[in-house]
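Structure assessment
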Amino acid sequence: ASGVFVTSEDGNLYCLDRRSGTLRWKYPLGARSVAAPLLLDGLVYAAGFDSCFSAIDSKTGTFLWRIDLGEPVEWTQPKAVGSLVYGAGRGGSVFCIDPASRSVRWKRKVGREFRGQISASERLICAADEQGIYALDPMTGQEKWQRDVGGEGPTEAHGRVYCFASGRDLLV
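To keep things clear, this report deals only with the structure shown in the data block. (Residues numbered from 1 in each chain as written. Predicted model: local features only at pLDDT ≥ 70, side-chain atom pairs only at ≥ 80, totals over all residues. Heavy atoms only, no water.)

**Concerning a nonpolar patch on the surface**
A contiguous nonpolar surface patch, about 310 Å² in accessible area, is contributed by Phe-164, Leu-170 and Val-172. Position of Val-172 relative to the elements: it lies in the segment after strand E18 (170-171). Residue Val-172 is classed as exposed on the basis of its relative accessible area, which comes to 64%. (Patch = residues over 30% accessible without salt bridge, like charges linked within 9 Å, V, L, I, M, F, W, Y side chains within 5 Å. Areas by Shrake-Rupley, 256 points an atom, 1.4 Å probe, with all protein chains shown as cover. Salt bridge = Lys/Arg side-chain N within 4 Å of Asp/Glu carboxyl O. Helix = DSSP H or I, 4+ residues; strand = E, 2+ residues; numbered from the N terminus. Buried < 20%, exposed > 50% of the residue type's maximum accessible area, 1.4 Å probe, protein only.)

**Side note on the sheet that holds strand E3 (residues 23-28)**
The three strands lie next to each other as E1-E2-E3, forming an open sheet whose pairing is antiparallel. Across the chains shown, the open sheet's two edge strands, defined by having one partner strand only, are strand E1 (3-7) and E3. Here the strands of the sheet are splayed against their neighbours by 15° on average, with no regard to which way each runs. Bridge analysis of strand E2 (residues 12-17) against E3 gives five bridges, and the strand direction is antiparallel. Considered in E3, the bridge of Tyr-14 is made with Lys-26. (Pairing = 2+ DSSP bridges. Axes fitted to C-alpha atoms, helices over the stretch in contact; angles between N-to-C directions.)

**Some remarks on the pattern of salt bridges**
This model, assessed by the stated rule, comprises five salt bridges. In this structure, the salt-bridge partner of Glu-113 is Arg-90, at a minimum N-O distance of 2.6 Å. Taken together, the residues span a long stretch of sequence, with Glu-113 in the loop between strand E11 (103-109) and strand E12 (119-120) and Arg-90 in the loop between strand E9 (84-88) and strand E10 (93-98) at a distance of 23 residues. You can call Arg-90 partly exposed: its relative accessible area is 32%. A cluster of three or more residues bridged by salt bridges with shared partners is formed by Glu-74, Arg-90 and Glu-113.

Pasting the structure below:
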């Protein structure tokens, strides 16, 4: 992409020229957002404190559609696996968005308050909060397993999940 996309606490999604840094366009999301946006197939997806998941054309900044998630998203950047987009909210839910149908495919409440990044792969969606680490099936949202060890920043690689525990230990 020739643009750099950022959200801001001022409630806007910005597109900056990748080479010069000049502002190409800005779109008012309506509420502050500190979750990094996701660029996928020419669209920019953004989620924020307004509990909405928005799709914006990456070239023009034109609003395309919005879905109400039912809970705010703070730090969790949406992640794409194939044509589906995953994220997590402050209300403790992990969700799967199907951009083709512009709908929530599934939403599962498993934690208390997700404020960190999630991990998304074809095999597993992982999220962590102060209470635990949660692994969900990407197609159904069914919980595969859960560990009562608070953590953040889960990453799946080579069939293992790596996560920092609340005591700053690395869990595998």
